[in-house]
Amino acid sequence: MTGAIIAKSIADQFAFAERAPFWIGGTVIIFVGLWIVSLGSKSRLKEVDQPTSGSDERNDP
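Conventions adopted
- Residues numbered from 1 in each chain as written.
- Predicted model: local features only at pLDDT ≥ 70, side-chain atom pairs only at ≥ 80, totals over all residues.
- Heavy atoms only, no water.
- Helix = DSSP H or I, 4+ residues; strand = E, 2+ residues; numbered from the N terminus.
- Buried < 20%, exposed > 50% of the residue type's maximum accessible area, 1.4 Å probe, protein only.
- Areas by Shrake-Rupley, 256 points an atom, 1.4 Å probe, with all protein chains shown as cover.
- Phe/Tyr/Trp six-rings, centres within 6.5 Å; stacked < 30°, edge-to-face > 60°.
- Patch = residues over 30% accessible without salt bridge, like charges linked within 9 Å, V, L, I, M, F, W, Y side chains within 5 Å.
- Salt bridge = Lys/Arg side-chain N within 4 Å of Asp/Glu carboxyl O.
- Arc of directions from axis to C-beta.

Caption draft 1: Inspection of the overall build of the chain at higher detail. When helices and strands are tallied, the chain shows two helices and zero strands. For the chain, the proportion of its 61 residues judged to be buried stands at 8%. For the chain, the exposed surface amounts to about 5,300 Å²; the carbon and sulfur share of it is 67%.

Caption draft 2: Highlighting the packing of aromatic side chains. Overall, the coordinates contain one aromatic pair when judged by the stated rule. A centroid spacing of 5.6 Å and a plane angle of 75 degrees characterise the contact between Phe16 and Trp23, whose relative ring orientation is edge-to-face. On the basis of relative accessibility, which here comes to 43%, the residue Trp23 falls in the partly exposed class.

Caption draft 3: Expanded view of a nonpolar patch on the surface. There is a patch of nonpolar side chains on the surface, built from Ile24, Val28, Val32, Trp35, Ile36 and Leu39 and spanning about 590 Å² of accessible area. Here Val32 shows up in helix 2 (residues 20–49).

Caption draft 4: Up close: helix 1 (residues 2–11). By the burial criterion, the buried members of helix 1 are Gly3, Ala7 and Ala11. One face of helix 1 carries all of its buried residues, which in axial projection span an arc of 65 degrees. Turned more than 90 degrees from where helix 1 packs its buried face, Thr2, Ile5 and Lys8 sit exposed.

Below, the structure is given as structure tokens:
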């Protein structure tokens, strides 16, 4: 989110026609941030799904 705010504040200093590269850069930063968050969530879910012992209730079929 910080990257998008920075890109917008920089883009506001330029004329409308010159803002496109900053908008595209901000969009890329947003999607990279979302991708990183999704990777973290995915790895955290994998950690939760790992059985901790043989008596774990999640191991029962």
